[in-house]
Amino acid sequence: MIFKQIMDFTYDVIVVGAGHAGNEAAAAAANLGSKTLLITMDMNKIGQMSCNPAIGGIAKGQIVREIDAMGGQLGIVTDKSAIQFRMLNRSKGPAMWSPRSQSDRKRFIEEWINTLCTTPNLSLWQDIVTELIVENGEVRGVKTQLGAEMKARCVVLTNGTFLNGLMHCGKAQIRGGRTGEPASYGLTEQLKSIGFQADRMKTGTPARIDKRSIDFSKMLIQPGDDDFHKFSYLDTVSRKLKQMPCWITYTNERTHEELRGGLKDSPLFNGQIQSIGPRYCPSIETKIVTFADKEQHQLFLEPEGVDSGEYYVNGFSSSLPMDVQIRALHTIAGLENAVLYRPGYAIEYDFFYPTQLKHTLETKLVKNLFFAGQINGTTGYEEAGGQGLVAGINAHMNAHGLNPFTLARDEAYIGVLIDDLVNKGVDEPYRMFTSRAEYRILLRQDDADKRLTERAYEIGLAKSDRMELLRTKISEENELSEYLKQTRIKAEDASQLLESAGSAPTTRGMRLSELLARPEISMKTLLDNHNGLREFTDQIGRVREEVLESAEIMIKYQGYIDRERQAADKLHRLDQIKLAEDFDYNSLQSLSTEARQKLSRIRPRTIGDASRIPGVSPNDISVLLVLLGR
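Residues numbered from 1 in each chain as written. Predicted model: local features only at pLDDT ≥ 70, side-chain atom pairs only at ≥ 80, totals over all residues. Heavy atoms only, no water.

Section: the pattern of salt bridges
Pairing between side chains of opposite charge can happen when their charged atoms approach one another.
Phase 1 of the analysis: According to the stated counting rule, one finds 45 salt bridges in the structure shown.
Phase 2 of the analysis: Here Arg466 makes a salt bridge to Asp68, at a shortest N to O gap of 2.9 Å. Taken as a pair, Arg466 in helix H12 (residues 464–486) and Asp68 in helix H2 (residues 60–69) lie far apart in primary sequence, 398 residues in all.
Phase 3 of the analysis: Given a relative accessible area of 8%, Arg466 falls into the buried group.
Phase 4 of the analysis: Given a relative accessible area of 0%, Asp68 falls into the buried group.
Phase 5 of the analysis: Residue Asp420 pairs with Lys424 through a salt bridge whose shortest N-O separation is 3.4 Å. (Salt bridge = Lys/Arg side-chain N within 4 Å of Asp/Glu carboxyl O. Helix = DSSP H or I, 4+ residues; strand = E, 2+ residues; numbered from the N terminus. Buried < 20%, exposed > 50% of the residue type's maximum accessible area, 1.4 Å probe, protein only.)

Things to note about the packing of aromatic side chains
Phase 1 of the analysis: Using the criterion set out here, one finds 11 aromatic pairs in the structure.
Phase 2 of the analysis: Measuring from ring centre to ring centre gives 5.1 Å for Phe351 and Tyr353, while their planes differ by 70 degrees; the resulting arrangement is edge-to-face.
Phase 3 of the analysis: Overall, Phe351 belongs to the buried group, its relative accessible area being 0%.
Phase 4 of the analysis: Given the relative accessible area of 23%, Tyr353 is considered partly exposed.
Phase 5 of the analysis: Pairwise contacts between aromatic rings join Phe196, Phe352 and Phe371 into one cluster.
Phase 6 of the analysis: Geometry around Tyr233 places Arg65 over its ring, the cationic atom sitting 3.8 Å from the centre. (Phe/Tyr/Trp six-rings, centres within 6.5 Å; stacked < 30°, edge-to-face > 60°. Lys NZ or Arg CZ within 6 Å of the ring centre and 35° of its normal.)

Observations concerning helix H10 (residues 413–424)
Every α-helix carries 3.6 residues per turn, so stepping three or four residues along brings you back to the same face.
Phase 1 of the analysis: Given a rise of 1.5 Å per residue, 12 residues ought to cover 16 Å, and the 16 Å separating the end C-alpha atoms of H10 matches this to within 8%.
Phase 2 of the analysis: Burial runs high along H10: 11 of the 12 residues are buried.
Phase 3 of the analysis: Among the residues making up H10, those that are buried are Tyr413, Ile414, Gly415, Val416, Leu417, Ile418, Asp419, Asp420, Leu421, Val422 and Asn423.
Phase 4 of the analysis: Buried positions along H10 lie against H2, helix H9 (381–399), helix H18 (593–602) and helix H19 (607–611).
Phase 5 of the analysis: The positive-phi residue at the C-terminal boundary of H10 is Gly425, with phi of around 75 degrees. (Expected span 1.5 Å × (residues − 1). Contact = heavy atoms within 4.5 Å.)

Overview of unusual backbone geometry
Phase 1 of the analysis: At Leu361, a position not held by glycine, the phi torsion is positive, near 75 degrees.
Phase 2 of the analysis: Its identity as a non-glycine residue notwithstanding, Asn368 has a phi of 70 degrees, on the positive side.
Phase 3 of the analysis: Relative to the elements of secondary structure, Asn368 occurs in the loop between strand S19 (345–352) and strand S20 (369–371).

As for the environment of Ala391
Phase 1 of the analysis: The residue Ala391 is located in helix H9 in this model.
Phase 2 of the analysis: Classification of Ala391 by relative accessible area gives buried; the value is 0%.
Phase 3 of the analysis: Excluding residues that lie within four positions of it along the chain, Ala391 makes contacts with Val156, Thr360, Leu361, Phe370 and Ala372.

Brief notes about the sheet that holds strand S3 (residues 54–56)
To summarise the sheet geometry, strands pair through backbone hydrogen bonds and adopt either a parallel or an antiparallel arrangement.
Phase 1 of the analysis: Pairing is antiparallel across the open sheet formed by three strands, whose spatial order is S3-S5-S4. On the outer flanks of this sheet lie S3 and strand S4 (82–88), each paired with one strand and no other. On average, each strand axis in the sheet is inclined to that of its neighbour by 15 degrees, with strand direction left out of account.
Phase 2 of the analysis: Pairing analysis gives six bridges linking S4 to strand S5 (residues 98–103), with the strands arranged antiparallel. Across the sheet, residue Leu88 finds its bridge partner in S5, namely Ser98.
Phase 3 of the analysis: In the packing of H2 onto the sheet, contacts are made with S3 and S5, and the angle to S5 comes to roughly 85 degrees. (Pairing = 2+ DSSP bridges. Axes fitted to C-alpha atoms, helices over the stretch in contact; angles between N-to-C directions.)

Quick notes on the sheet that holds strand S15 (residues 246–250)
Phase 1 of the analysis: Strands sit in the order S14-S15-S16-S17-S13-S18 across an open sheet of six strands; the sheet is antiparallel. If you trace the sheet from one side to the other, it starts and ends with strand S14 (220–222) and strand S18 (340–342), each paired once. Ignoring which end each strand starts from, the neighbouring axes of this sheet average 35 degrees apart.
Phase 2 of the analysis: The sheet contact formed by strand S16 (residues 298–303) and strand S17 (residues 310–314) spans four bridges and is antiparallel. In the sheet register, Pro303 faces S17, and the bridge partner there is Tyr311.

Observations regarding the environment of Tyr560
Phase 1 of the analysis: For Tyr560, the location among the structural elements is in helix H17 (residues 544–575).
Phase 2 of the analysis: On the basis of relative accessible area, Tyr560 is assigned to the partly exposed category, the value being 46%.
Phase 3 of the analysis: Along the chain, Tyr560 and Leu442 lie 118 residues apart, while their C-alpha atoms are 9.2 Å from each other.

A word on the packing of H2 against helix H11 (residues 448–459)
Phase 1 of the analysis: Where H2 contacts H11, the two axes come as close as 8 Å, and the packing angle between them is 35 degrees. When you trace H2 past H11, the crossing you get is right-handed. Judged by residue contacts, Arg65, Glu66 and Ala69 of H2 engage Ala448, Asp449, Arg451, Leu452 and Thr453 from H11.
Phase 2 of the analysis: Residues that form the contact of H2 with H11 fall into these classes: three nonpolar, one polar and four charged. (Left-handed = near helix turned anticlockwise from the far one by under 90°. Nonpolar A, V, L, I, M, F, W, Y, C, P; charged D, E, K, R; others polar.)

What about the side chain of Asp420?
Phase 1 of the analysis: Position of Asp420 among the secondary structure elements: in helix H10.
Phase 2 of the analysis: Contacts of Asp420, omitting those with residues within four sequence positions, involve Arg409, Gly425, Tyr430 and Arg436.

So this is what it looks like as structure tokens:
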């Protein structure tokens, strides 16, 4: 008897690309109940960390916590593959605290593969998509290099750096989307023929070095944190791999001399590369030109994994010729005898201007087609993951006729990211910073679950175990806060505690909450000096450390939080005033010329969106408000 396998190539959602955006999109759509297909060039490189082996960082860490709070996967995968965790900016206020983790690159991929291969409703296919099936302005599926035609109600493109990718190392030019992997051709040309606007961007990566050739004795060690912090809010997820340090060293004038000597052969400076590069993560050759007065630049040596001999030289991204890179590295303390696994290189790739998207990340030109990740002009695993999650959710919503899911600027960094892309566009690779968020006191890393888990639970992405854990945490935090507000200590005890902490003494008895509001007094200080509080907090359950931290932040910063919440609520009024999609802005001569042009091109949903478009002035907004009032 001959067994015949029949495959049904019909899906609710097809996701193209299994990077950080594609994985989140596919997992979200499938976990919401859509029959989903994830197409990747290489099943062994799902979730590949193309650049540094780390997740998180300033503002990026907040995005990862938001992804986790909504039932996404990046935080879980990162915790399971973590080999170092650090909370950055602890010397500043909690609005600036940002988690960051080094990952074991190999384990990171393995965790993603295991996650996706065990997700219900999700299938995988190894192939290259060469064409979209578009009928009557609506996407219907994809065609692949192997000749397969796959039908779908919605398609999510997350092509990363693969669209017409071209790598540069000195004069050498190699077609590809990543070292050792081919580029993708055909999609850009098809989308441009439909009417999409595309352009080119550039990113890069540094050399990888053999651990055995590094002299760590000449470098400064940078250990990780040893506390309760991690990315996932789930108490069932933890960091279990061996924790490893990073190492710090510096370039010097000899390094810069070697680099300057190679500039004539640099693709960035000899006209070989024409596209837009990242301002906030520049190559080492850009650094020595832009900051010519600096005598040194800091470098971080980051381990690639527990069992790997490979180290990543963070801060030394370069497309200079291989021999120039090697000579320059050999001038650096600890790298005098460095042996390279491979040199750094730059890569150029196609992106599409994100002003052509809705806030759901659906394109305006083709219905049910979504873009997420570097295809939208962003850079970074975390920015890609956040977009992928929103695109995957909305692809599911569209496929089943449900209401769209969007995030506001005061709800999430992901909301800031998408609003910036859709309303402001990009003129360089977009990277998230805390300074981009007007409401960063509301968007802290500690409270992403309180902001977003219930919203994700309502649509079915966050599951009941996550929601129950949040309810428990909130209940215990409220009980602790109430205890701190009700419990008083005598004046002499309060004065003694304040003086020992370097704070001004008091002549009256004080509530514990009043003491905690003092900058010099921490929750740990109170626990060390108040038996009643220590006994009370010992009764807190599974999320004790999170509850203590969250309660302390709320008491210390309640005034700032309330003030920012009021400001956000005022601006919400502008976001409630809708603008018609077909409104003829060119007919309003009282608008500035620039406002007419940009409003006609971007087509904002609301007055609030219009107010955030560069070039649309407060006077233009007043004109629109008068018109709508009329």
